[in-house]
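Here are the chains, one letter per residue:
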Amino acid sequence: MKKRENIVKKRQKLVGLLWDIMIISIGLMISSFGTSLFYQAGMGSGAMATFSDGLHRLLHISYGTANMAANVVFLVLLFVCDRRMIGVGTVLCVFLIGVFVDMGNVVFSQLPIEAAPAVIRFVCVLAGCVMMGVGLGLYVAVERGFGALEGLVKYLCARTGAGFDKVKIGQDVLLIGLGILLQAEWGVGTLVSAVTIGPIMRLSITRFQALLHRREEAGAQRNGGGTTPSADGAPSRL
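Read on for a plain summary of the structure. Computed from a predicted model, the values in this text were never measured in an experiment.

### Observations concerning the overall build of the chain
Piece 1. Secondary structure assignment for the chain yields 8 helices and 0 strands.
Piece 2. When its helices and strands are written in sequence order, the chain yields α-α-α-α-α-α-α-α.
Piece 3. Against the globule reference of 18 Å for 238 residues, the chain gives a C-alpha radius of gyration of 19 Å, in line with a compact fold.
Piece 4. Dimensions of the chain, computed from the C-alpha atoms along their principal axes, are close to 65 × 40 × 30 Å.
Piece 5. Put simply, the chain has 238 residues, and 43% of those count as buried.
Piece 6. A fraction of 75% describes how many contacts in the chain between residues 6 or more apart in sequence connect residues 24 or more apart.
Piece 7. Here the chain carries 22 positive and 14 negative side-chain charges, and the mean point of each set is 11 Å from the other.

### Structural notes on the packing of helix 3 (residues 63–81) against helix 6 (residues 148–160)
Piece 1. Axis separation between helix 3 and helix 6 bottoms out at 9 Å; the angle between their running directions is 35°. Handedness of the crossing formed by helix 3 with helix 6: left-handed. Facing helix 3, whose interface residues are Asn71, Phe74, Leu75, Leu77, Leu78 and Cys81, helix 6 presents Ala148, Leu149, Gly151, Leu152 and Tyr155.

### Focus on the packing of aromatic side chains
Piece 1. What the rule picks out here adds up to 3 aromatic pairs.
Piece 2. Arranged with centres 5.7 Å apart and planes meeting at 75°, the rings of Phe38 and Tyr39 form a pair that is edge-to-face.
Piece 3. Under the relative-accessibility criterion, Tyr39 is labelled partly exposed at 34%.

### Quick notes on the nonpolar core
One broad rule of soluble globular proteins: the nonpolar side chains tend to lie buried together.
Piece 1. In this structure, Leu28, Phe51, Phe74, Val125, Cys129 and Tyr139 are the most contacted members of the largest nonpolar core, which totals 50 residues.
Piece 2. Listed by contribution, the elements that provide at least two residues to this core are helix 1 (2–40), helix 2 (47–59), helix 3, helix 4 (88–108), helix 5 (118–142), helix 6, helix 7 (164–181) and helix 8 (188–223).
Piece 3. Counting residues per element, this core draws most heavily on helix 5, which supplies 10 residues.
Piece 4. With residues up to four places along the chain from it excluded, the contact list for Tyr139 reads Ile24, Gly27, Leu28, Cys93, Gly145, Phe146, Gly147 and Glu150.

### What to know about the packing of helix 2 against helix 7
Piece 1. Contact geometry of helix 2 with helix 7 gives a least axis separation of 7 Å together with a crossing angle of 25°. On the basis of the axis angle, helix 2 is roughly parallel to helix 7. Classified by chirality, the crossing of helix 7 by helix 2 is left-handed. Along the contact surface, helix 2 presents Ala47, Met48, Thr50, Phe51 and Gly54, while helix 7 presents Asp172, Leu175, Ile176, Leu178, Gly179 and Ile180.
Piece 2. Looking at side-chain class alone, the contact of helix 2 with helix 7 contains 7 nonpolar, 3 polar and 1 charged residues.

### Some points on unusual backbone geometry
Piece 1. Even without being glycine, His60 reaches a positive phi, approximately 60°.
Piece 2. If you trace the backbone, His60 turns up in the loop between helix 2 and helix 3.
Piece 3. A relative accessible area of 71% places His60 in the exposed class.

### Some points on helix 7
Piece 1. Counted at 1.5 Å a residue, the expected span for helix 7 with its 18 residues is 26 Å, and the 26 Å between its end C-alpha atoms agrees.
Piece 2. Gln183 occupies a position one or two residues after helix 7 and carries a positive phi of about 75°.

### What to know about the pattern of salt bridges
Where charged atoms of side chains with opposite charge meet at close range, the side chains can pair.
Piece 1. A full pass over the atoms with the stated rule returns 6 salt bridges.
Piece 2. Across the salt bridge formed by Asp53 and Arg57, the nearest N and O atoms sit 3.2 Å from each other. In this pair, Asp53 and Arg57 both sit in helix 2, 4 residues apart, roughly one turn of the helix.
Piece 3. Since its relative accessible area comes to 12%, Asp53 is described here as buried.

Conventions and cut-offs
Residues numbered from 1 in each chain as written. Predicted model: local features only at pLDDT ≥ 70, side-chain atom pairs only at ≥ 80, totals over all residues. Heavy atoms only, no water. Helix = DSSP H or I, 4+ residues; strand = E, 2+ residues; numbered from the N terminus. Rg over C-alpha atoms; globule rule 2.2 N^0.38 Å. Buried < 20%, exposed > 50% of the residue type's maximum accessible area, 1.4 Å probe, protein only. Contact = heavy atoms within 4.5 Å. Lys, Arg positive; Asp, Glu negative; His and termini not counted. Charge placed at Lys NZ, Arg CZ, Asp CG, Glu CD. Axes fitted to C-alpha atoms, helices over the stretch in contact; angles between N-to-C directions. Left-handed = near helix turned anticlockwise from the far one by under 90°. Phe/Tyr/Trp six-rings, centres within 6.5 Å; stacked < 30°, edge-to-face > 60°. Core = buried A, V, L, I, M, F, W, Y, C linked by side-chain atoms within 4.5 Å. Parallel < 35°, antiparallel > 145°, perpendicular 65-115°, else oblique. Nonpolar A, V, L, I, M, F, W, Y, C, P; charged D, E, K, R; others polar. Expected span 1.5 Å × (residues − 1). Salt bridge = Lys/Arg side-chain N within 4 Å of Asp/Glu carboxyl O.

These values are about where atoms sit, not about what they do.
Put into structure tokens, the structure is as follows:
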């Protein structure tokens, strides 16, 4: 009987993991397509891209190398600060974001966005920011590990008690400021992304976590079990 219960529990954990991987992947796809739409508007880059552009100009290395190096440094920093932030979500970020961004570029490059009037391109910037905020919020809400930047924001929120949106805005402003100091290219979209993505992410995380927790509670009731509370009282998968 006990052996059968263990098998059932392992199966439930596997199903839960696969479900979370699917949700994370959907979130990353939404965010990556938002990134593609944002860049097609030609009104500047996001925070990390601006910082990477500055690094590539300072160190005289390719943009891709600069971006990879920055991500590795931030990921190592996250591991040192709190290795519990590293998980399956981290791995999915590494392998899926680039693929989804390329897919988004193929889709949006078919539209005459770059040649459109400034008002239309600005609307695309706003739509891209919303997609990035919602998509990132969805994957973060799953709490199965984070990318370097989102993980550092979560870590600072836990240590300082500050709101996710405020820390995210601070992080983006810092990265953009450093990039501009290093002579990176930027535009109005860069500034818009810095002040919009954080608040959208916070709202999305709150809404999606509520939905995910209700699903967990319903599943626990059906199986006669319970959920494990995290430090803030919400069920945690970490």
